[in-house]
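Here's the letter readout for the chains.
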Amino acid sequence: MLVADDLSYRYSRRSPWVLHGHSLQLRPGRVLGLQGPSGSGKSTLAAVAAGLRTPASGTVTVDGRPLASYAGPSPVQLVLQHPERAMNPRWRIRDVLAEALPGSRREAAAQVSARVEAEWDAHHGLVSPTWLDRYPHEVSGGELQRVNLARALLTGPKYLVADEISASLDAITQTVLWHRLDHEVAETGLGVLAVSHDRALLEQVADEVLDFATLGDVIRSAPQKAPTV
Ligand SMILES: Nc1ncnc2c1ncn2[C@@H]1O[C@H](COP(=O)(O)OP(=O)(O)OP(=O)(O)O)[C@@H](O)[C@H]1O
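These numbers come from a predicted model, not from an experiment.

Peer 1: Can you walk me through the site of the ligand in this structure?
Peer 2: Taken together, Y11, V18, P37, S38, G39, S40, G41, K42, S43, T44 and R53 make up the full set of residues adjacent to the ligand. At a separation of 3.5 Å, a nitrogen atom of the ligand approaches a polar side-chain atom of Y11. One nitrogen or oxygen atom from the side chain of T44 is found 2.5 Å from an oxygen atom belonging to the ligand. In the complex, the protein chains occlude 55% of the 630 Å² of accessible area that the ligand would expose alone. For the shell around the ligand, the residue count by class is 3 nonpolar, 6 polar and 2 charged.

Peer 1: I keep staring at the confidence of the model for the protein chain and nothing clicks. Help me out?
Peer 2: When pLDDT is averaged along the protein chain, the result is 90; 93% of the residues meet or exceed 70. Among the scores for the predicted complex, ipTM is 0.97 and pTM is 0.90.

Peer 1: Help me understand the sheet that holds strand β2 (residues 19-26) in this model?
Peer 2: Strand order across the open sheet formed by 4 strands is β2-β1-β4-β5, with antiparallel pairing between neighbours. Both edges of this open sheet fall to β2 and β5 (65-66), since each of them pairs with a single strand only.

Peer 1: Explanation requested: the sheet that holds strand β3 (residues 31-35) in the structure shown.
Peer 2: Strand pairing within a sheet occurs via backbone hydrogen bonds; the two strands may be parallel or antiparallel. Strand order in the open sheet formed by 5 strands is β6-β7-β8-β3-β9, with parallel pairing between adjacent strands. If you trace the sheet from one side to the other, it starts and ends with β6 (76-79) and β9 (208-211), each paired once. Mean inter-strand twist for the sheet, computed between neighbouring axes without regard to direction, equals 20°. Relative to strand β7 (residues 159-163), β6 runs parallel, the two sharing 4 bridges. Bridge pairing in β7 places V76 opposite Y159. This element, helix α4 (residues 141-154), spans β6 and β7 of the sheet and lies at about 165° to β6.

Peer 1: How do you make sense of the nonpolar core when you look at a structure like this?
Peer 2: Looking at soluble globular proteins, one finds that nonpolar side chains tend to be buried together. Ranked by internal contacts, the top residues of the largest apolar core, which has 41 residues, are L97, V127, L160, W178 and V192. Sorting the residues of this core by element identifies α2 (93-98), α3 (105-119), α4, β7, α5 (171-188), β8 (191-196) and α6 (199-205) as the ones contributing at least two each.

Peer 1: Explain unusual backbone geometry to me, please; I cannot follow it from the model alone.
Peer 2: Peptide bonds are, in most cases, trans, and in most cases residues other than glycine have a negative phi. In this structure, D63 is a non-glycine residue whose phi angle is positive, near 50°. Counting through the fold element by element, D63 comes out in the loop between β4 (57-62) and β5. Even without glycine at this site, E164 takes up a positive phi of about 55°. Note that E164 resides in the loop between β7 and α5. Here E164 falls in the buried class, since its relative accessible area comes to 14%.

Peer 1: I keep staring at the packing of aromatic side chains and nothing clicks. Help me out?
Peer 2: Centre-to-centre distance and the angle between the planes together describe a pair of aromatic rings. With the rule as written, the count across this model stands at 1 aromatic pair. The side chain of R65 reaches across the aromatic face of Y70, ending 3.9 Å from its centre. Of note, R105 hangs over the ring of W91, and the distance from its end group to the ring centre comes to 4.3 Å.

Peer 1: So what exactly am I meant to see when it comes to the pairing of β8 here?
Peer 2: For a regular strand, side-chain orientation follows a simple rule: the groups alternate between the two sheet faces. Burial within β8 is extensive, with 6 of its 6 residues counted as buried. Across the two faces of β8 the burial is the same, with G191, L193 and V195 and V192, A194 and S196 all buried. Looking at chain direction, β3 and β8 are connected through 5 bridges and run parallel. The partner of G33 across the bridge, within β8, is A194. Strand direction decides the pairing type here: β7 and β8, joined by 5 bridges, are parallel. The residue of β8 that forms the bridge with L160 is V192. Traced from β7 through α5 to β8, the parallel crossover comes out right-handed.

Reading the values: the criteria
- Starting from 1, residues in each chain are numbered consecutively following that chain's sequence as written.
- pLDDT decides what is reported in this predicted model: residues at 70 or higher carry local features, side-chain atom pairs at 80 or more are listed and counted, and totals for whole chains, interfaces and linings draw on all residues regardless.
- Values shown for side chains rest on all heavy atoms present in the structure; no hydrogens or waters enter the calculation.
- Only a single heavy atom is needed: when it lies within 4 Å of a molecule or strand, its residue is near that molecule or strand.
- Within 3.5 Å is the distance limit for a polar contact, defined as a pair of N or O atoms, with the added protein rule that one can donate a hydrogen and the other accept it, and that residues adjacent in sequence qualify only through two side-chain atoms.
- The protein chains shown are the only cover counted for residues, whose accessible areas, like all others here, come from Shrake-Rupley with a 1.4 Å probe.
- For this classification, the nonpolar set comprises Ala, Val, Leu, Ile, Met, Phe, Trp, Tyr, Cys and Pro, the charged set comprises Asp, Glu, Lys and Arg, and every other residue, Gly included, is treated as polar.
- Think of pLDDT as the predictor's per-residue confidence, scored from 0 to 100.
- At least two bridges found by DSSP between two strands is the condition for calling them paired.
- Comment: elements are numbered from the N terminus, with helices defined as DSSP H or I runs of at least four residues and strands as E runs of at least two.
- Axis definition: a line fitted to C-alpha atoms, over the contacting stretch in the case of helices. Angles run 0 to 180 degrees between N-to-C directions.
- Note on definitions: a residue-residue contact is assigned when non-hydrogen atoms from the two residues lie within 4.5 Å.
- Definition of nonpolar core: a set of buried residues of the types Ala, Val, Leu, Ile, Met, Phe, Trp, Tyr and Cys, connected through side-chain atoms within 4.5 Å.
- Only protein chains enter the accessibility calculation, which uses a 1.4 Å probe. A residue is then buried if its area is under 20% of the maximum for its type, exposed if over 50%, and partly exposed in between.
- Whether two aromatic rings pair depends on their centres lying within 6.5 Å, for rings of Phe, Tyr and Trp, where Trp uses its six-membered ring; planes under 30 degrees apart make the pair stacked, over 60 edge-to-face, and the rest tilted.
- Criterion for a charge above a ring: Arg CZ or Lys NZ at most 6 Å from the ring centre, at most 35 degrees from the ring normal.
- A right-handed crossover is one whose linking path, passing over the helix from the first strand to the second, runs clockwise when the strands point away from the viewer.

Encoded structure:
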């Protein structure tokens, strides 16, 4: 289980606490929705839960071990809204995916081809083999986000934090993206924290939807509780 416990976080000494006693638990094979208004702190919680930001206090553990103690690729991967910002536009999709794997680029590219053809074919998977020789600008926005997700999954995470991953897509493309991700959840037991301002979307894709505001302490109590950083 991924457990974020009693987190506090602020961006600088002078800025207000964004996280103040925030906690959540994510089980394998579940999609947990996290909803809240713009600026409330959802992305901050997502980044802390994925180990990209260090809380001032509180812990993030995976199966009882601190997330920071895991060597190699993190068991918690974070995927953000804009896939084009997360990849080199001069690399073919095969190489973009290969970057996630250890070993030489050539070996990794061969593994990518094998995996895409075996598991991620066009019928049920995230990536079509026909995209592998294309550049990022030669696939659609929805397809590129599927590549972005696939790259995170190639590292073999136990949990995926998906922060507004379909916010830039039209309704049909959103549905396709979540359907493909749902397939991965069912097949592999991946746990997903789906972060969005869009409650209606989360109610469609998640097993349970949490409100950001209910996960932390009342803001009045935060300055006493959280340590000075
Ligand atoms: N890098 C940063 N430096 C300073 N303050 C930041 C930084 N990133 C976010 N903040 C502030 O932290 C607060 C929470 O921001 P965050 O991005 O976590 O909210 P959010 O709920 O994800 O918003 P949105 O739905 O608009 O993406 C906001 O007040 C924001 O201005």
